[in-house]
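An overview of the molecular structure
Chain by chain, the residues:
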Protein chains: 2
Amino acid sequence: MKDLAYASPALVRGLIRKDEFSGQTSGICRGYAQGNLVILPKHLAYDFLLFTQRNPKPCPVLEVADTGCRELKLTAAGSDIATDIPKYRVYEKGELTGEFSDIVSLWREDFVSFILGCSFTFESALMDEGIEVRHIQAGCNVPMYITNMECSPAGIFSGPTVVSMRPVPVDKVVKAVQITSRYPRVHGAPVHIGNPALIGIRNINKPDFGDAVEIKENEVPVFWACGVTPQAVAMKTKPEIMITHSPGHMFITDVKNHELGE
Amino acid sequence: MKDLAYASPALVRGLIRKDEFSGQTSGICRGYAQGNLVILPKHLAYDFLLFTQRNPKPCPVLEVADTGCRELKLTAAGSDIATDIPKYRVYEKGELTGEFSDIVSLWREDFVSFILGCSFTFESALMDEGIEVRHIQAGCNVPMYITNMECSPAGIFSGPTVVSMRPVPVDKVVKAVQITSRYPRVHGAPVHIGNPALIGIRNINKPDFGDAVEIKENEVPVFWACGVTPQAVAMKTKPEIMITHSPGHMFITDVKNHELGE
């Protein structure tokens, strides 16, 4: 793992393609942006693209591939979206029906792939400015929660916003807002600070996705919109099929993190 | 006109609807954002929405209406997009076939309306910071040019970027870049500064849309991506039908300019 921290995205995508790497991608290819994946058939793609336009905080689009095309030409030349993610999830009519290391046998010519920005980019900016990120220290996945904040619906798609949570020392909360505000293409500023109950989170120790992390006494839980939102939307709106990444197992692009900052 | 400078957007949309106002909208409803219009049939809407995603500088989307819906619910509640613009243009297979004061008789249930951000928003920020805007001083329309900068294609849509030009005193060019960079949802930072020939403009005194303006000796021409780009794209890609605003005759939204700044 350690040797992949400074590897090139093309090299790591190649390892993943050959099943030589299948873990979470946090901390890999430092300096490069990673992305969330949503694949839908073309007849649902307009509604979903409109959904991303209306909900840019959970769903900031980095690239939409041409219909049927497995390469992300703009953000990862030479990539193959059917093989280059360590773990995929398949949702059929809203049910998670399986996790796979590739989706070659499931691929259809009418599939459209959406790559959405991922908070790994702003986590690296937070750490650069001296704000530690708990789940990275703990070596686990970020805790994610389904909230009571409804997305703006579009066509068949509607559902709750999923958020990720990072505990921030109380004297660094403003700084964390300022830093992440500069990254609207990877979820941007927090959507909530301080009171999980107000956004419908009953038990902060039981995330809906990822792993629970400790919140220390001098820390405040800070919540950002999360690219897992489409998975909660799929569970609610039950499209025929939606293929996504498995949380934490992201698509590694050739885009530098700093290219996404403002 | 003068009395409309501080009128509410809903009031002015009402006057336009009743054909009691039919002029250009520059300087009207100060403080409120105006928008460019593109209407396309649903079967072309996915390609165009993807085109806007790939070309956010000329085509920053403020709102996409639901299919067949004439109200822009999010940016102008109570509006009617078929009547609330002073002058419409209809392009059929790439040909401008007419200008109309409303499009009620042309409306179809499969029409999708796109509202794109307009540079009037950043012009007001430029003036607030002491940078005069020549075409506003001169009381004419901004000069617009078809360039050699190709947009990123999407589906059937491709074509050149259209830019607007404002002469800026040489010692204020940096400031103009800084100010407009804060407004990515209304075209953002300039796409070119200084040499029109390099972006394929042969004669700065003969704009493709709008009116020519004087460039004084101590001034540099500064170019921003322009929401008239879809009209140049329609001329090139010849969709069955595209309805737009007539340049300078915009859709006045209820969104405050400052809501679009960062």
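What you see is a predicted model; the values in this text were computed from it and never measured.

1. Considerations on the overall build of chain A
Tallying secondary structure elements over chain A gives six helices and 11 strands in all. Relative to the globule expectation of 18 Å for 262 residues, the C-alpha radius of gyration of chain A, 17 Å, shows essentially globular dimensions. Principal-axis analysis of the C-alpha atoms places the extent of chain A at approximately 50 × 40 × 30 Å. In chain A, once contacts between residues fewer than 6 apart in sequence are set aside, the share between residues at least 24 apart is 78%.

2. Digging into the interface of chain B and chain A
Counting from both sides, the interface comprises seven residues of chain B and, opposite them, seven residues of chain A. Secondary structure elements with two or more residues in the side of chain B that touches chain A: helix 2 (42-54) and strand 2 (61-64) of chain B. Take the side of chain B that touches chain A: its biggest share by element is five residues, from helix 2 of chain B. Residue composition of the side of chain B that touches chain A, grouped by class: six nonpolar, one polar and no charged.

3. Quick look at the relation of the copies chain B and chain A
Each copy of the sequence occupies a distinct position, and chain B is placed on chain A by a rotation of 180° and an axial shift of 0.0 Å, giving an RMSD of 0.0 Å. Each copy turns onto its partner about a two-fold axis. Looking at the rotation axis and the C-alpha trace of chain B, the residue lying nearest is Tyr46(B), at 2.5 Å. Of the interface residues in chain B, 100% have counterparts in chain A that sit at the interface too, so the contact is made through matching surfaces.

4. A look at the sheet that holds strand 8 (residues 192-193) of chain B
Residues and elements named next belong to chain B. In spatial order, the strands read 6-7-9-8; together these four strands make up an open sheet with antiparallel pairing. With one partner strand each, in any of the chains shown, strand 6 (144-150) and strand 8 form the two edges of the open sheet. By the bridge criterion, two bridges tie strand 8 to strand 9 (residues 219-225) in an arrangement that is antiparallel. Bridge pairing in strand 9 places Ile193 opposite Val222. Helix 6 (residues 229-237) contacts strand 6, strand 7 (160-169) and strand 9 of the sheet and is inclined by roughly 145° relative to strand 7.

5. Considerations on the environment of Ala225(B)
With respect to the element layout, Ala225(B) can be found in strand 9. Beyond its immediate stretch of four places on either side in the chain, Ala225(B) contacts Lys57(B), Pro58(B), Thr161(B), Val163(B), His187(B) and Val191(B).

6. Topic: the domain arrangement of chain A
When the parts come together, some accessible area is lost, and that loss is often what is quoted as the size of the interface. Residues and elements named next belong to chain A. Domain boundaries assigned for chain A yield domain 1 (2-118 + 233-260) and domain 2 (120-229). Taken together, the contact between domain 1 and domain 2 spans 32 residues of the former and 30 residues of the latter. Breaking the side of domain 1 that touches domain 2 down by element, the ones donating at least two residues are strand 1 (32-41), helix 2 (42-54), strand 5 (111-117) and helix 6 (229-237). No other element matches the seven residues that helix 2 contributes to the side of domain 1 that touches domain 2. Taken together, the residues of the side of domain 1 that touches domain 2 break down into 17 nonpolar, 10 polar and five charged.

7. Here's the deal with the packing of helix 3 (residues 120-128) of chain A against helix 5 (residues 173-181) of chain A
Residues and elements named next belong to chain A. Look at helix 3 against helix 5: their axes get within 10 Å of each other, and the N-to-C directions meet at 130°. By the angle between their axes, helix 3 is oblique relative to helix 5. Two packed elements cross with a definite hand, and for helix 3 against helix 5 that hand is right-handed. Residue-level inspection shows Phe122, Ala125 and Leu126 of helix 3 in contact with helix 5, the latter providing Ala176, Ile179 and Thr180. A per-class count over the contact of helix 3 with helix 5 returns five nonpolar, one polar and no charged.

8. Details of the sheet that holds strand 7 (residues 160-169) of chain A
All names here are of chain A. The strand order across the open sheet formed by four strands is 6-7-9-8, and the pairing between neighbours is antiparallel. Of all the strands in the sheet, the pair left with one neighbour each is strand 6 (144-150) and strand 8 (192-193). When strand 6 meets strand 7, the two strands line up antiparallel, connected through four bridges. From the neighbouring strand, Met144 faces strand 7, where its bridge partner is Ser164. Lying on the sheet, helix 5 is in contact with strand 7, strand 8 and strand 9 (219-225); it crosses strand 9 at an angle near 15°.

9. Some words on helix 2 of chain A
Between the first and last C-alpha of helix 2 of chain A there are 19 Å, a value that for 13 residues agrees with the 18 Å anticipated at 1.5 Å per step. For helix 2 of chain A, the set of buried residues is Leu44(A), Ala45(A), Tyr46(A), Phe48(A), Leu49(A), Leu50(A), Phe51(A), Thr52(A) and Gln53(A). Against strand 1, strand 2 (61-64) and strand 5 of chain A together with helix 2 and strand 2 of chain B lie the buried residues of helix 2 of chain A.

10. Looking at unusual backbone geometry
Residue and element names in this part refer to chain A. One non-glycine residue with positive phi stands out, namely Cys29, at about 55°. You can call Cys29 buried: it has 22 C-beta atoms within 10 Å. In this structure, Lys93 is a non-glycine residue whose phi angle is positive, near 45°. Its place among the elements puts Lys93 in the loop between strand 3 (88-92) and strand 4 (95-100).

Analysis parameters
Residues numbered from 1 in each chain as written. Chains lettered and ligands numbered in written order. Predicted model: local features only at pLDDT ≥ 70, side-chain atom pairs only at ≥ 80, totals over all residues. Helix = DSSP H or I, 4+ residues; strand = E, 2+ residues; numbered from the N terminus. Rg over C-alpha atoms; globule rule 2.2 N^0.38 Å. Contact = placed C-beta atoms within 7 Å. Nonpolar A, V, L, I, M, F, W, Y, C, P; charged D, E, K, R; others polar. Least-squares fit on C-alpha atoms with pLDDT ≥ 70 in both. Pairing = 2+ DSSP bridges. Axes fitted to C-alpha atoms, helices over the stretch in contact; angles between N-to-C directions. Domains from an automatic or database assignment. Parallel < 35°, antiparallel > 145°, perpendicular 65-115°, else oblique. Left-handed = near helix turned anticlockwise from the far one by under 90°. Expected span 1.5 Å × (residues − 1). Buried ≥ 20, exposed ≤ 12 C-beta atoms within 10 Å, placed from the backbone.

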